[in-house]
Amino acid sequence: MDLKEGTKVRVKPNQDLTELRLDLRQETQYFSLEKAQEIADTSGLFKKEATPDEQPIMDSVLMKSSPCQLNSNYVLGLFKDNSLILTKVGGISNISTDFSYLHPAPEQNEEQEMVLVTKKFKRSENEKMKKTREKQIKEEAKKREPWWDLTYGSSSTEFAQRELDRLFSTQESQNAEVLLPKINIEEYELSFLKAAHAGSKESVIDKEQQPLLRRPLSELKKMKIQDMIKSFLLNVKVTSFSSLLSTLTLNDLKQSKEALHCLHDCAVLVQGNWVISSKVLYPEGTLCGVTGMPAKALAKARTFILLLFAHEREVKRTFVTTQTRLPSEEVTAILEQFSARNCKNMWEFSLPTDTEFIRRHHEDVKKQNFLWNLERETYEKEKYKIPSKALEIPERKRSSSSRMSSSEAV
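All figures in this text were calculated on a predicted structure; none of them were measured in a lab.

This next bit is on the nonpolar core. Ranked by internal contacts, the top residues of the largest apolar core, which has 60 residues, are Ile229, Leu244, Leu263 and Phe338. Setting aside residues no more than four positions away along its own chain, Leu263 makes contact with Ile229, Leu233, Phe241, Leu244 and Trp274. Of all hydrophobic cores here, the second largest spans six residues; its members include Ala36, Ile39, Ile57 and Tyr101.

What follows is the structure in structure tokens.
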């Protein structure tokens, strides 16, 4: 027998069954061509491999596995560089030669004898009988598991070597570098910021926005402040004002005011944090989202969700799906941009309420709340179920020193 490249292998993963068809070495003195042809004629198992003009020949042998029951857990240990790396063993199988060709199945007669059939009526079953029947159905379904064809590869190949390297976990291994994607430190920093703010699914983005995505921080800082903030928000989706200033190193007062002015153009205020605007994320006239829907429908639904978050910390996905009439995967993708599911099976806004920003930037909060109330009236006219109360337009509180001076003047 010859175990070589291209050896036919097939498996049933759920049942831990493996079959290997190994070629026989016909050039050796131990191979009898006459006997191989006789076995092929008698068994009828090798006719499919021969052409009509050729005489079938047994030129291969089948190896079958049988699963072994593990009474305890086993691991494979690999000791290298004073470190012990353990890998759990999922299962063990015995592989042996299949000799079914020596006992061919008897041919069935075309004329079948009449068989007496007894008809039984179904009895009412209790809970135990029901569980037994369900177990039998599952076992039958498991037996009907299809075979998966594989190809045997030698241990000396590059692919096999890479799989072997996965057993090692030392940082000093040079082969481990092949398994790790090479990434620029600044790209990693930006991807970390995106994951820290909100884990969102990839969506179909307009081609005009693609140059603004996945930019390293060094390139962002070379852009104009308006493009820099827009690009940053397209990546992270939601951020606090202080985090934006510190990440983009906008330290002086002039840059801070300019950044705040730019945020009103490309973002909306929710819970004291800034979220990328739906109109910027989904440009009109394009196909966006997970399923490639019209941008107008997605922008309208996303703005409605942000309106709910502007009033409450938590929203329910089923309620949003019913109101927006979007596919559930689109609603989930939007929610994952700026919220996360909590233990109550509700979607909670991902960042805590920035009370410090609300206290310091009264006029900006007032302007954003006014815009949200306009959006609320729009959705109310379209029969959306919206919060009963509008957002309050806070009035600026006078300082204690000014009150004292006014009282002294009186």
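Quick look at the side chain of Ser256 now. For Ser256, the position within the fold is in helix α9 (residues 253-266). In contact with Ser256, other than residues within four places in its own chain, are Phe241 and Leu245.

Averaged over every residue, the pLDDT of the protein is 76; the share at 70 or more is 72%. Low pLDDT, under 50, characterises residues 169-185; the predicted model gives this stretch 13 contacts beyond four residues in sequence or across chains. The low-confidence segment residues 194-213, where pLDDT is below 50, has 43 contacts with residues more than four positions distant or belonging to other chains.

A separate point is the sheet that holds strand β14 (residues 339-341). Spatially, the three strands line up as an open sheet ordered β13-β15-β14, and their pairing is antiparallel. Of all the strands in the sheet, the pair left with one neighbour each is β13 (314-315) and β14. Strand direction decides the pairing type here: β14 and strand β15 (residues 347-349), joined by three bridges, are antiparallel. Counted as the bridge partner of Ser339 is Phe349 from β15.

Attention now goes to the packing of aromatic side chains. Within this structure, the stated rule accounts for seven aromatic pairs. An angle of 85° between the planes, with centres 5.9 Å apart, marks the rings of Trp274 and Phe357 as edge-to-face. Residue Trp274 is found in strand β10 (residues 273-276), and its partner Phe357 is found in helix α14 (residues 355-360); the two are separated by 83 residues along the sequence. Assessed through its relative accessible area of 0%, Trp274 is described here as buried. In this structure Phe357 comes out as buried when scored by relative accessible area, which is 4%. Taking the centre distance of 5.5 Å and the plane angle of 55° together, the rings of Phe304 and Tyr379 count as tilted. In this pair, Phe304 sits in helix α11 (residues 295-311) while Tyr379 sits in helix α15 (residues 362-381), placing the two residues 75 residues apart along the sequence. One aromatic cluster in this structure is built from Phe241, Trp274 and Phe357. Directly above the ring of Trp147 sits Arg10, whose terminal nitrogen or CZ lies 4.3 Å from the centroid.

To continue, consider the pattern of salt bridges. Enumeration over the complete set of coordinates arrives at nine salt bridges. Across the pair Lys35 and Glu38 runs a salt bridge whose closest N-O atoms are separated by 4.0 Å. Note that Lys35 and Glu38 are positioned in helix α1 (residues 33-43) at a spacing of three residues, about one turn of the helix. The class for Lys35 is partly exposed, based on a relative accessible area of 45%. Bridged by salt links that share partners, the residues Arg10, Glu19 and Lys64 form one connected network.

The rules behind the values
- Residues numbered from 1 in each chain as written.
- Predicted model: local features only at pLDDT ≥ 70, side-chain atom pairs only at ≥ 80, totals over all residues.
- Heavy atoms only, no water.
- Core = buried A, V, L, I, M, F, W, Y, C linked by side-chain atoms within 4.5 Å.
- Buried < 20%, exposed > 50% of the residue type's maximum accessible area, 1.4 Å probe, protein only.
- Contact = heavy atoms within 4.5 Å.
- Helix = DSSP H or I, 4+ residues; strand = E, 2+ residues; numbered from the N terminus.
- pLDDT = per-residue confidence, 0-100.
- Pairing = 2+ DSSP bridges.
- Phe/Tyr/Trp six-rings, centres within 6.5 Å; stacked < 30°, edge-to-face > 60°.
- Lys NZ or Arg CZ within 6 Å of the ring centre and 35° of its normal.
- Salt bridge = Lys/Arg side-chain N within 4 Å of Asp/Glu carboxyl O.

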